[in-house]
Protein chains: 2
Amino acid sequence: MDVVNIFLTSELGEGLEDFVHDQRRFTFDRLGAEGPKRLVEGPMWAFVDWVMPDLAGLEMCRRLRADPRTAEAHVTMVLEEDDPEDRRRALRAGADDYVIGPLTRTAVLDRVLALQSRTSERQATRRLELGALTIDMAALQARWNEVPVVLRPNEFRLLRFLAENPNRVLTREDLIAGLGKREPPIDERTVDVWVGRLRRAIKAAGGGNPLRTVRSLGYVFDLT
Amino acid sequence: MDVVNIFLTSELGEGLEDFVHDQRRFTFDRLGAEGPKRLVEGPMWAFVDWVMPDLAGLEMCRRLRADPRTAEAHVTMVLEEDDPEDRRRALRAGADDYVIGPLTRTAVLDRVLALQSRTSERQATRRLELGALTIDMAALQARWNEVPVVLRPNEFRLLRFLAENPNRVLTREDLIAGLGKREPPIDERTVDVWVGRLRRAIKAAGGGNPLRTVRSLGYVFDLT
DNA sequence: CAGGTGTGTGACGCGTTTGTGACTGGATTT
DNA sequence: AAATCCAGTCACAAACGCGTCACACACCTG
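This is a predicted model, so every value here is computed, not measured. (Residues numbered from 1 in each chain as written. Chains lettered and ligands numbered in written order. Predicted model: local features only at pLDDT ≥ 70, side-chain atom pairs only at ≥ 80, totals over all residues. Heavy atoms only, no water.)

**Details of the protein's contact with DNA strand C**
Around DNA strand C, 25 residues are found, and the nearest of them are Lys181, Thr190 and Trp194 of chain A together with Lys181 and Trp194 of chain B. Within 4 Å of the protein, the atoms of DNA strand C are drawn from sugar and phosphate moieties in a proportion of 69%. In this structure, a phosphate oxygen belonging to DNA strand C sits 3.0 Å away from a main-chain N or O atom of Asn154 of chain A. For DNA strand C, a phosphate oxygen lies 2.9 Å from a polar atom in the backbone of Asp187 of chain A. (Near = heavy atom within 4 Å. Polar contact = N/O pair within 3.5 Å; in protein donor to acceptor, adjacent residues only side chain to side chain.)

Below, the structure written as structure tokens:
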């Protein structure tokens with residue numbers, strides 16, 4: 001299910017809790033002066049209160065824009081009343097949008113659903129998630145439960161290819177071809193060594209063994 | 001309505017007047033040896049003539065870059081003919097771009113519209129914050145925990161480009177293109193030297209090493 | 001013109017990666 | 001049970017890719 005990450009500042013959305021609507025899970029997270037507590041992937045929405053205890057809402061806007069983790073977030077400013085001058089300043093500080101408070105579940109839904117289609121195009125970052133394992137194609141990095149798996153180039157290619165065809169037996173021939181090795185022709189037994197090395201790397205990161213051997217045929221990436 | 005501020009040198013664009021196109025107002029302003037007459041906000045384009053009565057166009061480029069008011073402007077050099085040597089020198093002097101003159105309303109439109117999306121992103125983030133590292137686009141300065149990192153121009157451009165695409169493997173080709181180097185074609189191995197120099201500079205400021213090498217592919221700016 | 005700075009390049013050396021053959025032990029077949 | 005097959009693992013050599021250095025050249029400054 002798609003997850004919509006929503007960041008809130010200070011006491012905004014006091015009564016708001018995670019909820020599910022229309023195939024989407026809305027999760028709420030506190031947003032402090034240091035930015036988001038945890039790093040999330042996918043579309044992000046931030047609702048910034050105009051008045052904050054220790055930091056002006058405008059400054060928070062600028063910080064969100066300056067931080068690459070949240071630079072792509074859709075920032076909505078929550079105003080107490082409809083002051084044209086404040087709206088202008090909010091937009092200039094980097095907000096995409098504004099609502100007149102207080103923030104309610106309905107207000108959040110309206111904003112997010114109205115704009116989701118537009119924003120979802122942005123997140124082109126390719127990424128595979130298979131159980132505890134996530135593979136970030138852009139960063140060329142794999143993680144097992146957030147623990148980085150240190151992989152050599154060939155191992156990464158192998159993992160990627162296996163993960164892209166889960167629950168399907170891939171012969172050694174498939175794997176050699178899938179990694180684009182032709183010259184010189186690779187001995188099929190070499191694949192065994194590749195798999196061994198990959199397994200060891202995942203294990204070193206505290207992971208399990210998602211790679212199952214199918215005797216006399218090849219290997220499978222077992223999903224769940 | 002969005003305003004696009006365009007600066008012109010000397011007799012360039014003699015017949016050009018303010019006009020409106022596609023929801024944008026284009027305003028033209030003279031650019032003298034002392035820089036722009038008035039201070040403006042928002043995106044700026046400067047068209048610099050190669051030949052000027054009292055000042056060489058190249059020198060004008062450098063001044064624009066040195067002046068914090070115009071350092072972020074998009075500078076287009078206007079050449080009379082397509083001389084590769086002149087192009088090279090124009091780019092080296094700080095120009096982002098060039099056209100073969102004379103300057104017409106159409107040429108201005110084309111340049112500005114083609115590049116606006118890219119540049120407007122840049123304008124939005126005058127400052128990047130990535131963990132201990134902050135990059136000040138306006139001051140052309142980077143700091144690691146408030147300690148200035150002394151960078152040469154090329155190193156700054158490299159750091160900036162890497163930091164603008166964090167957690168993404170950038171090939172040497174990407175980096176060369178990202179720094180806008182085309183003429184003459186740059187040897188890919190030179191990128192290694194750039195990275196080495198950049199790393200050393202960050203280290204000299206007491207910083208860590210946010211630049212990860214991805215063997216046989218390129219480099220990544222690792223966030224967190 | 002001399003001195004200084006910034007930058008691209010070729011070359012060298014070292015650590016890493018990787019394909020392979022050999023050995024081992026478990027599984028399968030006869 | 002013996003014979004056979006097959007996959008896991010190790011050690012090793014060759015190839016590869018990267019970091020670094022010194023140098024040349026262009027440019028700027030005085």
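**Some words on the interface of chain A and chain B**
By convention, interface size is frequently given as the accessible area that disappears when the constituent parts associate. Counting from both sides, the interface comprises 11 residues of chain A and, opposite them, 16 residues of chain B. Where chain A abuts chain B, roughly 1,000 Å² becomes buried across the two surfaces, and 65% of that area is made up of carbon and sulfur atoms. Taken together, the links from chain A to chain B amount to zero salt bridges. The tally of links from chain A across to chain B stands at two residue pairs in polar contact (both at pLDDT 80 or more). (Contact = heavy atoms within 4.5 Å. Buried area = accessible area lost by both parts, 1.4 Å probe. Salt bridge = Lys/Arg side-chain N within 4 Å of Asp/Glu carboxyl O.)

**Observations regarding helix α6 (residues 189-204) of chain A**
Residues and elements named next belong to chain A. For α6, which comprises 16 residues, the first-to-last C-alpha distance of 23 Å matches the rise-based estimate of 22 Å (1.5 Å per residue) to within 8%. Here α6 has its buried residues at Val191, Asp192, Trp194, Val195, Leu198, Ala201 and Ile202. As for α6, its buried residues are in contact with β10 (141-144), β11 (147-149), α4 (153-164), α5 (172-178), β13 (211-214) and β14 (218-221). (Helix = DSSP H or I, 4+ residues; strand = E, 2+ residues; numbered from the N terminus. Expected span 1.5 Å × (residues − 1). Buried < 20%, exposed > 50% of the residue type's maximum accessible area, 1.4 Å probe, protein only.)

**Some words on the pairing of strand β5 (residues 44-49) of chain A**
Residues and elements named next belong to chain A. Extensive coverage of β5 is indicated by the burial of six of its six residues. Residues Met44, Ala46 and Val48 of β5 are buried on one face, and the alternating residues Trp45, Phe47 and Asp49, pointing to the opposite face, are buried as well. Inspection of the sheet shows β5 paired to strand β6 (residues 74-79) by five bridges, in the parallel sense. The residue of β6 that forms the bridge with Trp45 is His74. (Pairing = 2+ DSSP bridges.)

**With respect to the sheet that holds β13 of chain A**
Residue and element names in this part refer to chain A. Spatial strand order, β12-β14-β13: three strands in an open sheet with antiparallel pairing. The open sheet is flanked by β12 (170-171) and β13, the only strands paired with a single partner. Contacting β12, β13 and β14, α4 crosses the sheet at an angle of about 70° to β14. Its contacts with the sheet place α6 against β13 and β14, and it is angled at close to 150° to β13. (Axes fitted to C-alpha atoms, helices over the stretch in contact; angles between N-to-C directions.)

**Quick notes on helix α6 (residues 189-204) of chain B**
Residue and element names in this part refer to chain B. Within α6, the full set of buried residues consists of Val191, Trp194, Val195, Leu198, Ala201 and Ile202. Down the axis of α6, the buried side of the element spans an arc of 125°, and every buried residue falls inside it. Summarising the geometry of α6, the exposed residues directed more than 90 degrees from the buried face are Arg189, Arg200, Lys203 and Ala204. Its buried side turned inward, α6 meets β10 (141-144), β11 (147-149), α4 (153-164), α5 (172-178), β13 (211-214) and β14 (218-221). Downstream of α6 by one or two residues, Gly206 has phi in the positive range, about 80°. (Arc of directions from axis to C-beta.)

**Structural notes on the packing of α4 of chain B against α6 of chain B**
Residues and elements named next belong to chain B. Contact geometry for α4 and α6: axes closest at 10 Å, N-to-C directions at 90°. Relative to α6, α4 is oriented roughly perpendicular. Touching Asn154, Glu155, Leu158, Leu159 and Leu162 of α4 are Trp194, Val195, Arg197, Leu198 and Ala201, all from α6. (Parallel < 35°, antiparallel > 145°, perpendicular 65-115°, else oblique.)

**Describing the pairing of β14 of chain A**
All names here are of chain A. Sheet analysis places β12 next to β14, joined by two bridges and oriented antiparallel. Within β14, the position partnered with Thr171 by the bridge is Gly218. Sheet topology places β13 next to β14; four bridges connect them, and they run antiparallel. Note that in β14 the partner of Arg212 across the bridge is Val220. What sits between β13 and β14 in their antiparallel hairpin is a turn of three residues, with Ser216 showing a positive phi close to 70°.

**Description of the pattern of salt bridges**
Residues and elements named next belong to chain A. With the rule as written, the count across this model stands at 10 salt bridges over all chains. A salt bridge links Asp192 to Arg189; its shortest N-O distance comes to 2.8 Å. Highlighted residues: Asp192 and Arg189, both in helix α6, separated by three residues, approximately one helical turn. We classify Arg189 as exposed; its relative accessible area is 55%. The partner of Asp222 in a salt bridge is Arg212, and the shortest N-O contact between them spans 2.5 Å. Here Asp222 is found in the segment after β14, whereas its partner Arg212 is found in strand β13, with 10 residues between them in sequence. Residues joined in a network through salt bridges with shared partners are Arg172, Arg189 and Asp192.

**Considering the side chain of Asp136 of chain A**
Residue and element names in this part refer to chain A. Positionally, Asp136 belongs in strand β9 (residues 133-136). According to the relative accessible area criterion, Asp136 is buried, its value standing at 13%. At 3.0 Å, the side chain of Asp136 forms a polar contact with the backbone nitrogen of Ala139.

**What to know about the environment of Phe28 of chain A**
Residue and element names in this part refer to chain A. Along the chain, Phe28 falls in strand β3 (residues 24-32). The buried category is assigned to Phe28, whose relative accessible area is 15%. Counting along the chain gives 24 residues from Phe28 to Val4, while the straight-line C-alpha distance between them is 8.7 Å. Excluding anything up to four places from it in sequence, Phe28 contacts Ile6, Leu8, Leu16, Glu17, Asp18, Phe19 and Val108.

**Overview of the sheet that holds β9 of chain A**
All names here are of chain A. Taken in spatial order, the four strands line up as β8-β9-β10-β11 in an open sheet, and their pairing is antiparallel. In the strand order of this sheet, the two ends are held by β8 (127-130) and β11, each with one partner. Between one strand axis and the next, the sheet turns through 25° on average, direction left out of account. Looking at chain direction, β10 and β11 are connected through three bridges and run antiparallel. Looking at β11, one finds that Ala142 is bridged to Val149. Along the sheet, α4 makes contact with β8, β9 and β10, crossing β9 at roughly 115°.

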